[in-house]
Amino acid sequence: MARHLITSAIPYINGIKHLGNLVGSQLPADLFARYQRARGNEVLFLCATDEHGTPAELAAAKAGKPVAEYCADMHAIQARIAEGFRLSFDHFGRSSSPQNHALTQHFAGRLADAGLIREVSEKQVYSIADGRFLPDRYIEGTCPNCGYDRARGDQCENCTKQLDPTDLIDPRSAVSGSTDLEVRETKHLYLRQSALKEDLEAWIDTKTDWPVLTTSIAKKWLHDGDGLQDRGITRDLDWGIPVRRGNEDWPGMEGKVFYVWFDAPIEYIACAGEWAEAGGLDASAWERWWRTDKGAGDVRYTQFMGKDNVPFHTLSFPATILGSGEPWKMVDHLKSFNYLNYDGGQFSTSQGRGVFMDQALDILPPDYWRWWLLSHAPENSDAEFTWENFQVSVNKDLADVLGNFVSRITKFCRSKFSESVPAGGAWGETENALVADISARIQRYESCLENMEVRKSAQELRGIWASGNEYLQTVAPWSTFRSDPETAAMQTRLGLNLARLFGVLSSPFIPDASATIVSAMRAHSPAWPGDLTDFLTAMEPGHSFEVPEVLFAKITDEQREEWQQRFGGTTAS
RNA sequence: GGCGUUAUAGCUCAGUUGGUUAGAGCGAACGACUCAUAAUCGUUAGGUCCCUGGUUCAAGUCCAGGUAACGCCA
């Protein structure tokens, strides 16, 4: 039995993510996890919320809540939505967990011991009224270049000129509007990524099976300009993981926290600790997934993420792990996704443009979204969501091809025979050919899923559903029935068994509908098909079933138009 | 301004290391069926593979230049 460690990029805490975020990491990771479990493999599937940093603090302030409370609330909301989409995390953790505090401090200590941390003194803008240092983009002022009065400390978005906060005329805090600012000297820790460049490159060179997109991004960062740059791992904030060197204080670093990019990926590991704790297990339970010296040698680790996250996962996080000198499990395969656009533009939180995860679940069941998103996943290039395409795809694939198949075969059997599998007749050439055809299709389906070819696997699955309709159309039991009821019974029996097969095979994509089909067939948690002839004769004559409710109601033109309107945003096209 | 990605049928997209007549689904037209969610099944029609030039016996595929869209960075 293979062992799969699977992680999805961890979503940031401030707000609800849109469909593009969902299809870029969590959803395909869930597909893979569900498939591997269905094949009987051992899976640990982890995700969490990324909770530290300035945006979280500001969002909390805006909501009028203490940041810890805000994060706890938002974590609960994101967890509920994830459940709504049937994301089957073994644990949905939090980067603010005690486990992550301890582990992040541990890594920092190890890196310091290895001589991979250096201290840097730098000048940053301090807001006296806010009582805090301000990151560049939270300082506003007048652009010295074009006179735009709302330029940010990192860049003027009017003339795009790159700025330093000290360049701004009449700078003020974007948090409070206060102009009572001063430049203060502050000390920070930097991870000497440059010293690990050779190790990182050697490691990446071993990953010959990674997509070109992934390795080329990594190589670019390794070689661009002066090569891989050292990176600050601390910040002057209140909310975060206090800077400590392992279990000890870090002189000079009092009151500072680790920078969110440093602690967030470590949460992948810490999350396994949270999972063990939640299940009442001891440390060995999670260490056998993460420590190659404690049983993780046979683990295959796959990460899912959007393309913007690739540098962190190919360089920064591996630098942390390699630099520690400890035997942590490193990623084996890294599946990255492009972006999903919304109706000719980008999803936009500020403009309310596009569909967000909570809204999606308000209007339709999760299977609709899962099917469309996965069958149109932005694997090779950016993809496009349009309501017309969504309506047509979902109606055709789910309602007409799959839903109607289950409906027609169960209703036919009920009207001509009864609500149990009919007896009589024997397979002929057509049936044997069908089994051979579907066997080949299943093999392709499995191989696509194994290789995480998301779109292709959806196509294969759809083809399997369609073969059921082709069969019924060819043998036409409704005609056969008049002259040869025995043969019609055999054809109907096979049709019912096909419905059960589709239920089982579809579970990674559309878990709810799959469960409905399987339970309507009164097939109790059937295993993934092995020998197809056996599988398609499993429901024997006399086995009772029920005719399920309509599996997928169609999306009407009225609904589509209403949603198009509602989610078009303030600058609707 | 630099870098990167993309450009294939009306739409959404496949096209492996260059190798006959460029594929799928949807949409369209026509036909079959009438068990079923006006569903299904079959057939057909649609392409100057963005443009120009080059390499080659052979280019959607490789190279150069251009155009357009998008993204990232300084």
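Cut-offs applied
- Residues numbered from 1 in each chain as written.
- Chains lettered and ligands numbered in written order.
- Predicted model: local features only at pLDDT ≥ 70, side-chain atom pairs only at ≥ 80, totals over all residues.
- Heavy atoms only, no water.
- Near = heavy atom within 4 Å.
- Polar contact = N/O pair within 3.5 Å; in protein donor to acceptor, adjacent residues only side chain to side chain.
- Helix = DSSP H or I, 4+ residues; strand = E, 2+ residues; numbered from the N terminus.
- Buried < 20%, exposed > 50% of the residue type's maximum accessible area, 1.4 Å probe, protein only.
- Contact = heavy atoms within 4.5 Å.
- Pairing = 2+ DSSP bridges.
- Right-handed = clockwise from strand over helix to strand, strands pointing away.
- Phe/Tyr/Trp six-rings, centres within 6.5 Å; stacked < 30°, edge-to-face > 60°.
- Lys NZ or Arg CZ within 6 Å of the ring centre and 35° of its normal.
- Core = buried A, V, L, I, M, F, W, Y, C linked by side-chain atoms within 4.5 Å.
- Salt bridge = Lys/Arg side-chain N within 4 Å of Asp/Glu carboxyl O.

**Section: the protein's contact with RNA strand B**
In the region of RNA strand B, 33 residues are neighbours, and Gln346, Val392, Asn404, Arg408 and Lys411 sit closest. When the atoms of RNA strand B within 4 Å of the protein are sorted by group, sugar and phosphate make up 75%. Within the side chain of lysine 396, a nitrogen or oxygen atom sits 2.8 Å from a phosphate oxygen of RNA strand B. Interatomic distance of 2.3 Å between a side-chain N/O atom of asparagine 404 and a sugar or linking oxygen of RNA strand B. Counting only elements with at least two residues in the surface near RNA strand B, the list comes to strand 16 (383-385), helix 12 (387-416), helix 14 (454-475) and helix 15 (477-483).

**A closer look at the side chain of histidine 4**
Examined against the element boundaries, histidine 4 turns out to sit in strand 1 (residues 3-8). Since its relative accessible area comes to 3%, histidine 4 is described here as buried. Setting aside its immediate chain neighbours within four residues, histidine 4 contacts Phe32, Gln36, Asn41, Glu42, Val43, Leu44, Trp289 and Arg300.

**Quick notes on the pairing of strand 14 (residues 333-337)**
Counted residue by residue, strand 14 has 5 buried out of 5 residues, so it is predominantly covered. Here strand 14 shows no split at all, with His333, Lys335 and Phe337 on one side and Leu334 and Ser336 on the other all buried. Relative to strand 14, strand 13 (residues 299-306) runs parallel, the two being bridged by 5 bridges. Within strand 14, the position partnered with glutamine 303 by the bridge is leucine 334. For the handedness criterion, the β-α-β arrangement of strand 13, helix 9 (residues 310-324) and strand 14 is classed as right-handed.

**A short note on the sheet that holds strand 9 (residues 181-191)**
Across a sheet, paired strands are connected by hydrogen bonds in the backbone, their directions being either parallel or antiparallel. The 4 strands are arranged 5-4-9-10 in an open sheet whose pairing can be described as antiparallel. For this open sheet the edge positions go to strand 5 (132-133) and strand 10 (231-232), each flanked by a neighbour on one side alone.

**Some remarks on the packing of aromatic side chains**
Each aromatic ring pair is summarised here by two numbers: the centre-to-centre distance and the angle between the ring planes. On inspection of all chains with the given rule, the structure shows 31 aromatic pairs. Seen from their ring centres, phenylalanine 385 and phenylalanine 390 are 5.5 Å apart, and the 45° between their planes marks the pair as tilted. For phenylalanine 390, a relative accessible area of 0% gives the class buried. Through pairs of rings, three or more aromatic residues link up here, namely Tyr342, Trp369, Trp372, Phe385, Trp387, Phe390, Trp563 and Phe567. Sitting over the ring of tryptophan 289, arginine 3 keeps its end group 4.4 Å from the ring centre. Directly above the aromatic system of tryptophan 261 lies the positively charged group of arginine 231, at a separation of 5.2 Å from the ring centroid.

**A closer look at the pairing of strand 4 (residues 117-127)**
Of the strand pairs in this sheet, strand 4 and strand 9 are connected by 11 bridges, and their pairing is antiparallel. Bridging from a neighbouring strand, lysine 123 pairs with glutamate 185 of strand 9. Pairing of strand 4 with strand 5 involves 2 bridges; the strand directions are antiparallel. Across the sheet, residue tyrosine 126 finds its bridge partner in strand 5, namely phenylalanine 133. Between strand 4 and strand 5, which follow one another and run antiparallel, lie 4 residues, and glycine 131 among them has a positive phi close to 65°.

**What to know about the environment of leucine 181**
Looking at the secondary structure, you find leucine 181 in strand 9. Leucine 181 sits 11 residues away from aspartate 170 along the chain, and the two C-alpha atoms are 9.9 Å apart. Beyond its immediate sequence surroundings of up to four residues, leucine 181 is in contact with Val125, Tyr126, Ser127, Leu134, Ile139, Pro171, Arg172 and Ser173.

**Regarding the sheet that holds strand 8 (residues 169-173)**
Strand order in this open sheet of 3 strands is 7-6-8, and the pairing throughout is antiparallel. Lying at the two open borders of the sheet, with one neighbouring strand each, are strand 7 (151-152) and strand 8. Pairing of strand 6 (residues 139-142) with strand 7, which is carried by 2 bridges, proceeds in the antiparallel orientation. Within strand 7, the position partnered with glutamate 140 by the bridge is arginine 152.

**Here's the deal with the nonpolar core**
Soluble globular proteins tend to bury their nonpolar side chains together. One finds Leu19, Trp369, Trp387, Phe390, Leu498, Leu501 and Phe509 to be the most contacted residues of the largest nonpolar core, which totals 95 residues. Looking at which element gives the most residues to this core, the answer is helix 12, with 11 residues. In this structure leucine 19 touches Phe85, Leu340, Phe347, Val355, Ala360, Trp369 and Leu373, once residues within four positions along its chain are discounted. Leu44, Ile204, Met253 and Ala270 belong to the second largest nonpolar core, which has 57 residues in total.

**Side note on the pattern of salt bridges**
Across all of its chains, the model carries 33 salt bridges by this definition. For glutamate 57, the salt bridge is made with arginine 132, and the minimal N-O distance between the two is 2.5 Å. Placement of the pair is glutamate 57 in helix 2 (residues 54-63) and arginine 132 in strand 5, with a sequence separation of 75 residues. You can call glutamate 57 buried: its relative accessible area is 11%. When the shortest N-O distance is used, the salt bridge between arginine 522 and glutamate 546 registers 3.4 Å. You can see arginine 522 sitting in the loop between helix 17 (511-520) and helix 18 (532-535) and its partner glutamate 546 sitting in the loop between helix 18 and helix 19 (557-566), a full 24 residues away along the chain. Its relative accessible area of 35% is what places arginine 522 among the partly exposed residues. Accessibility expressed as a relative area gives 34% for glutamate 546, which makes it partly exposed. Each of Arg3, Glu42, Arg288 and Asp298 takes part in salt bridges that share partners, so that together they form one network.

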